[in-house]
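Remarks on the overall topology
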Amino acid sequence: MEPTTTVASRLQAVKDRIAKAAQSAGRSPDEITLLVASKTQPPERVREAWQAGQTVFGENYLQEALAKMPALTDLPIEWHFIGPIQSNKTKRITENFVWVHGVDRIKIADRLAKDRPASLPPLQICLQVNVSGEASKSGVAPEELAQLAAHVVRLPRLKLRGLMAVPELTTATALQRSQFHMLWELYDRLKKDGYELDTLSMGMSEDMDIAIAEGATTVRIGTAILGPRRYLIPEELAIQAAKKSVTL
Ligand SMILES: *Cc1c(COP(=O)(O)O)cnc(C)c1O
């Protein structure tokens with residue numbers, strides 16, 4: 001990446017990519033929400049993106065997010081929680097975020113609903129589905145999704161909006177496409193069953209074009225806009241360790 005590239009220019013480049021992918025799929029770019037994933041990035045980077053016109057941001061780790069937010073309270077950012085959810089963190093997640101993408105168990109949904117402050121609008125929810133079947137991945141198994149959705153849609157203080165997935169990290173685009181397509185099919189099935197859903201949250205820096213072709217309505221983009229992460233997140237450390245043990 002050339003040192004002269006700015007957050008603003010990368011943001012524009014990603015918007016152009018979204019528009020192109022949408023057009024090739026016969027969709028309108030307006031149907032697609034861009035969420036900027038700001039994990040590991042300092043508040044100044046978030047502010048830079050805000051100044052370039054970005055309003056929706058996603059964080060993965062509660063501690064990190066809560067440390068970052070005070071420096072940004074002057075900006076009416078729409079904060080999404082996109083990371084794995086531990087049950088002892090639900091209270092502060094539901095108090096500090098507008099959306100949560102990673103709901104994958106009844107217990108977590110119940111706790112988010114119970115603690116959502118009455119002064120705030122309902123918490124907007126996506127259910128995370130494990131479309132790759134990897135044991136290490138968060139997400140409800142596809143065959144248990146219907147049951148989870150039926151429970152969540154009845155909870156007060158939550159508004160079920162759609163589904164989210166992180167497919168397998170692979171360069172095999174056919175495999176990725178089939179996992180995105182599986183999520184779209186599950187989404188379509190729920191809608192046919194009467195759920196009023198409008199959000200299919202899938203696609204990251206590397207695979208957003210395929211995700212959009214497969215129906216994504218929200219793409220979550222980090223490095224393509226904010227640059228390389230400041231440090232590796234646990235999932236990335238695990239991948240690195242796995243690679244090392246293969247080469248040893
Ligand atoms: C980090 C992250 C992203 C963005 O990833 P990039 O590859 O940096 O675009 C999207 N979704 C989730 C859940 C993430 O953790």
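Read on for a plain summary of the structure. Quantities reported herein were computed from a predicted structural model and do not represent experimental measurements.

Things to note about the site of the ligand
Close to the ligand lie A37, K39, N60, I82, M164, M204, S205, R220, I221, G222, T223 and R229, which account for all nearby residues. Within the side chain of K39, a nitrogen or oxygen atom sits 2.6 Å from an oxygen atom of the ligand. R220 places a polar side-chain atom, nitrogen or oxygen, 2.9 Å from a nitrogen atom of the ligand. Looking at the shell around the ligand residue by residue, the class counts come to 5 nonpolar, 4 polar and 3 charged.

Details of the pattern of salt bridges
For the structure on display, the rule yields 14 salt bridges. Ionic pairing is found between E64 and K68, a salt bridge with its closest N-O pair at 2.7 Å. Of this pair, E64 and K68 both sit in helix 3 (residues 62-68), separated by 4 residues, roughly a single helical turn. For E64, a relative accessible area of 15% gives the class buried. For K68, a relative accessible area of 4% corresponds to the buried category. Notably, a salt bridge pairs E95 with K91, separated by 2.6 Å at the nearest N-O pair. Residue E95 and its partner K91 are located together in helix 4 (residues 90-96), separated by 4 residues, close to a single helical turn. The exposure class of E95 is partly exposed, given its relative accessible area of 31%. Looking at K91, the relative accessible area reads 44%, which means it is partly exposed.

What counts, and at which threshold
- Residues numbered from 1 in each chain as written.
- Predicted model: local features only at pLDDT ≥ 70, side-chain atom pairs only at ≥ 80, totals over all residues.
- Heavy atoms only, no water.
- Near = heavy atom within 4 Å.
- Polar contact = N/O pair within 3.5 Å; in protein donor to acceptor, adjacent residues only side chain to side chain.
- Nonpolar A, V, L, I, M, F, W, Y, C, P; charged D, E, K, R; others polar.
- Salt bridge = Lys/Arg side-chain N within 4 Å of Asp/Glu carboxyl O.
- Helix = DSSP H or I, 4+ residues; strand = E, 2+ residues; numbered from the N terminus.
- Buried < 20%, exposed > 50% of the residue type's maximum accessible area, 1.4 Å probe, protein only.

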